[in-house]
Amino acid sequence: MSSFCQVTVHGFYLKCRTQCTQYRRNPASPLPSPASENLPVFSVLSRPMRSVTSCITTCIHAEHEGRAGEGGPDNDPSETALSLRSSLSEDGTTTTDDSAGEGVPDNDPSESALSLRSSLSENGTTTTDDSDDVDDEFDNPPHAPASEQLPTTEHFEFGHCLNEAYRYTSAYKAGTAHIPHVEEQPPHYIVITTYLTYILVIILGHMRDFVGKRFCPEAYRHLIPSNGYAAFNSDFDSFYSRRLKARMDDCFSRPITGVPGRTVTVLERTSSNNNTTLHLTGTSIRALNISSYNYLGFAQAHGGCADAVEEGLRRYGVSAGGARLECGTTDLHLQAEALVARFVGTEDAIIASMGFATNSTTLPALVGKGCLVISDELNHASIRFGIRISGAHVRTFKHNDVNSLEILLREVISQGQPRTHRPWRKIVLVVEGLYSMEGTLVDLPAIMQLKARYKFYIYLDEAHSIGALGPHGRGVADYFGIDPRSIDILMGTFTKSFGASGGYIAGSRDVISRLRTRSHAGCYTESSSPAVLTQIISSMGSIMGVSPSVLDDSSPNAESPSAALMRKDVHVHPGPAPLVLMPAWLNLPQHLRDGSEGRLRLRRLAFNARYLSRGLNKLGFFTSGHVDSPIIPLMLFNPGKMTLFSRFMLARKTPIVVVVVAYPATPIVSGRARFCVSASHTKEDCDTVLRACDEIGEILHMKYRPRKGRWPLDEVIRRAVELVEME
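Residues numbered from 1 in each chain as written. Predicted model: local features only at pLDDT ≥ 70, side-chain atom pairs only at ≥ 80, totals over all residues. Heavy atoms only, no water.

Engineer: How would you sum up the overall build of the protein chain? Please name residues and give values.
Structural biologist: Scanning the protein chain from N- to C-terminus turns up 22 helices and 20 strands. When the 727 residues of the protein chain are sorted by exposure, 54% land in the buried category. With an accessible surface of roughly 31800 Å², the protein chain has 54% of that area assigned to carbon and sulfur atoms. (Helix = DSSP H or I, 4+ residues; strand = E, 2+ residues; numbered from the N terminus. Buried < 20%, exposed > 50% of the residue type's maximum accessible area, 1.4 Å probe, protein only. Areas by Shrake-Rupley, 256 points an atom, 1.4 Å probe, with all protein chains shown as cover.)

The following block contains the structure:
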């Protein structure tokens, strides 16, 4: 299969063989400029090319051939870094220059950084010529801290940022209206050209299948019945993955190695058969990580939590060796569950070893035939799967639309069950606190008002909001200042904010006791490993802070540790973690034990999320979601732009690894890049991302907002604190 290519209004012809050939034939002809071209962006098909670098290399060689033919200096392209620098001229147009630029130093952060780090050697292999500079930038902060401010983390895992101005508290301000989710619509020509792109690729895909089945039947053997056996793979069902997704497979599932912290090491791949198979080249790229679920930066190989996990491995080994209801329950499970209940503010909690299974095994244990589940239309697949196998009746309402929900509630309560019209056994509303693809926040205050009026149960999935929202990191209930005990079921995962794995269900003691025996997660799945539990306990304890005594101040009398472990409901929420809920052998450093490190991470995450979201908006991009969300979807729409945006970000002088999301995870015309900010990022890291988006956005024509109201990049960076504190 060939690869997508992008023909943009800025004349940036990458992965387009036709344009490269035209440029080679007439190297003196300039590329079209945005001043002379005002065309929409199309995705068209090109001849197969190994990578973006190979296409640009072709253009560079053509340019050198043209210079040599005109009597110019014959520079060897193998000795020249492939730095295709793009800069904005005074009138706002984009010009391209493959030289270093006169009077502009190479390390100027304000210069255009569409600098491909690799250069082509004589044997055709790719070498990195500035990896030392990039590694130094990743390993060392720009400003050395004073001796009394020595950091406790590695800069490449958790960036050093000592400026207290770059902090913010994530909290809902009372009296302000919660802005509902309003999806911004792109210009009509963007929608039209996006549909045309898909139509073109679909037509060409069917043509290739028609011809290929007749002239190359061996390539379609796995899709055609043979020797009396049916085909395992459906020709029709696999069409999208074969003819559309495969064109951009190099942008998905990028293998990494090492710690997915502030930076990550990406293993480079190449393909000789148009992405049918991708092979590791043996080289790697150190990149700024804006993709991983590591909201609070606890995914570290150094520090107090990592040391605690190492000690836990020595004491417990790597596995509990069974299911929870058999022999797989350790003292760490009991302590972790008690700590989770304390953290979220409920009576009890149960832990599952997998986030997806937390939803898919709990919902069938809560609802069944004769029950009604009302689900947000954009709920996660684990929720949908759990509802489907439960046997309960399900109705959906428009995403985060309280009016749509109330209309539906009136209908289902008045009509009752289908055919019999008997009252429902129970009605459960299932919503997410923070939606992972949209970055939207549930309108919890309005839902709580409906709950008081219509008497339904609430199942709140806080997979992405727990640890990432609220002044104490206790999730969306903490963010809005709502008592968590007024929410019937709280679900969350440990993957995003705690650097671990698995999930939890929290609620009243009666409900949790019932789930311990009815949920398949307790009967048939392996229990969480001791190392994971240690990571959960240490990171959660770091956010809460550890009380110096076994019993916290709100309890009337002293109790034994075992009695205090059972009396999880005697506390003031949110509060510190009682010492009895921490393993006796766990010795956290003082900055983690007193909660100061956890509070710092919460405030850094809140600043980074607001700054990057509002900075992108001021630059002219369409973003989705709530301003306090650590998930920031950058709308790209066109599938060709998704591939180029991902490749350009990774090909910069300071590489940035991003996640792009396309259909069917999103609507067909709503392709996007999804940024996941972290407390491990510094303000300078956010500046780097904004600078990259600004330059690539000009090239790919991604700034869909009107020019009126935009800010220049330098102003966005200079007024960062003002942007964050803006209401």
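Engineer: Now, about helix 20 (residues 683–700): what can you tell me, with residues and values included?
Structural biologist: Its 18 residues give helix 20 an end-to-end C-alpha distance of 25 Å, which sits within 8% of 26 Å, the value for a rise of 1.5 Å per residue. With respect to burial, helix 20 is a largely interior element, 17 of its 18 residues being buried. (Expected span 1.5 Å × (residues − 1).)

Engineer: Hey, could you go over the packing of helix 7 (residues 331–344) against helix 15 (residues 530–544) for me, with residue numbers and the actual values?
Structural biologist: Contact geometry for helix 7 and helix 15: axes closest at 10 Å, N-to-C directions at 30°. As judged from the angle between their axes, helix 7 and helix 15 are roughly parallel. Seen along the crossing, helix 7 lies across helix 15 with a hand that is left-handed. Packed against helix 7, whose contacting residues are L332, H333, Q335, A336, L339, V340, R342 and F343, the element helix 15 presents P530, L533, T534, I537, M540, G541, I543 and M544 at the interface. Across the contact of helix 7 with helix 15, the residue classes tally to 11 nonpolar, four polar and one charged. (Axes fitted to C-alpha atoms, helices over the stretch in contact; angles between N-to-C directions. Parallel < 35°, antiparallel > 145°, perpendicular 65-115°, else oblique. Left-handed = near helix turned anticlockwise from the far one by under 90°. Contact = heavy atoms within 4.5 Å. Nonpolar A, V, L, I, M, F, W, Y, C, P; charged D, E, K, R; others polar.)

Engineer: Break down the sheet that holds strand 20 (residues 671–676) for me, with residues and values.
Structural biologist: Strand order in the open sheet made by the three strands is 17-20-19, with antiparallel pairing throughout. In this open sheet, the two strands that pair with only one neighbour each are strand 17 (631–637) and strand 19 (659–661). Neighbour to neighbour, the strand axes of the sheet diverge by 30° on average, direction disregarded. In this sheet, strand 20 lies alongside strand 17 in antiparallel orientation, the contact comprising six bridges. (Pairing = 2+ DSSP bridges.)

Engineer: Would you mind going over the pattern of salt bridges in detail, with residue names and values included?
Structural biologist: Within the structure shown, the criterion is met by 27 salt bridges. A salt bridge links R243 to D209; the shortest N-O distance between them is 2.8 Å. Highlighted residues: R243 in helix 5 (residues 239–243) and D209 in helix 4 (residues 188–215), separated in sequence by 34 residues. For the pair R243 and D209, a shared accessibility class is recorded, and that class is buried. Between E406 and R453 there is a salt bridge, and its shortest N-O distance comes to 2.7 Å. Separated by 47 residues along the polypeptide, E406 in helix 10 (residues 402–415) and R453 in helix 11 (residues 444–454) bring together distant segments of the chain. Within the structure, one salt-bridge network assembled from shared partners comprises D209, K213, D235, R242 and R243. (Salt bridge = Lys/Arg side-chain N within 4 Å of Asp/Glu carboxyl O.)

Engineer: Before we move on, can you summarise the nonpolar core with the specific residues and values?
Structural biologist: Membership of the largest hydrophobic core comes to 125 residues, with the highest contact counts inside it found for I374, F645 and F675. Looking at this core element by element, the count peaks at nine residues for helix 18 (residues 596–619). Setting aside anything within four residues of it in sequence, one finds I374 in contact with R395, F397, L405, L408, L409, V412, I427, V428, L429 and V430. Listed in part, the 18 residues of the second largest apolar core include C371, I387, A392 and Y459. (Core = buried A, V, L, I, M, F, W, Y, C linked by side-chain atoms within 4.5 Å.)

Engineer: Explain the pairing of strand 14 (residues 457–461) residue by residue, including any values.
Structural biologist: Of all five residues that make up strand 14, four are buried, and the element is covered over most of its length. Bridge count for strand 13 (residues 427–432) against strand 14 is five bridges, and the pairing is parallel. Across the sheet, V431 pairs through a bridge with L460, a residue of strand 14. Traced from strand 13 through helix 11 to strand 14, the parallel crossover comes out right-handed. (Right-handed = clockwise from strand over helix to strand, strands pointing away.)

Engineer: So what's going on with the packing of aromatic side chains? Residues and values would help.
Structural biologist: Here the structure, examined in full by the defined rule, presents 14 aromatic pairs. Seen from their ring centres, F343 and F498 are 5.9 Å apart, and the 80° between their planes marks the pair as edge-to-face. With F343 in helix 7 and F498 in the loop between strand 15 (489–493) and strand 16 (503–507), this residue pair connects regions lying 155 residues apart in the sequence. Accessibility assignment for this pair places F343 and F498 in one class, buried. Their ring planes at 90° and their centres at 5.1 Å tell us that Y479 and F480 sit as a pair that is edge-to-face. Each member of the pair, Y479 as well as F480, carries the same accessibility label: buried. (Phe/Tyr/Trp six-rings, centres within 6.5 Å; stacked < 30°, edge-to-face > 60°.)

Engineer: Talk me through the pairing of strand 15; I want residue IDs and the actual numbers.
Structural biologist: For strand 15, a buried count of five out of five residues is recorded, marking the element as mostly surrounded by other parts of the structure. Residues of strand 15 alternate between two faces, with I489, M491 and T493 on one and L490 and G492 on the opposite face, all of them buried. Of the strand pairs in this sheet, strand 14 and strand 15 are connected by three bridges, and their pairing is parallel. The partner of D461 across the bridge, within strand 15, is M491.

Engineer: Help me get a handle on the sheet that holds strand 15, residues and values and all.
Structural biologist: Hydrogen bonds between backbone atoms are what pair the strands of a sheet, whose relative direction is either parallel or antiparallel. Ordered by their spatial adjacency, seven strands build an open sheet running 10-16-15-14-13-11-12, and the pairing between neighbours is mixed. Only two strands of the sheet have a single partner each, and these edge strands are strand 10 (348–352) and strand 12 (393–397). Averaged over all pairs of adjacent strands, the angle between strand axes in this sheet comes to 20°, irrespective of strand direction. On top of the sheet, helix 7 reaches strand 10, strand 15 and strand 16; it is set at about 120° to strand 10, its chief contact.

Engineer: Any details on a nonpolar patch on the surface? Residues and values, ideally.
Structural biologist: A grouping of I192, Y195, L196, I199, I203 and M207 is seen on the molecular surface, where their side chains present a nonpolar patch of about 570 Å² in accessible area. Its place among the elements puts I192 in helix 4. (Patch = residues over 30% accessible without salt bridge, like charges linked within 9 Å, V, L, I, M, F, W, Y side chains within 5 Å.)

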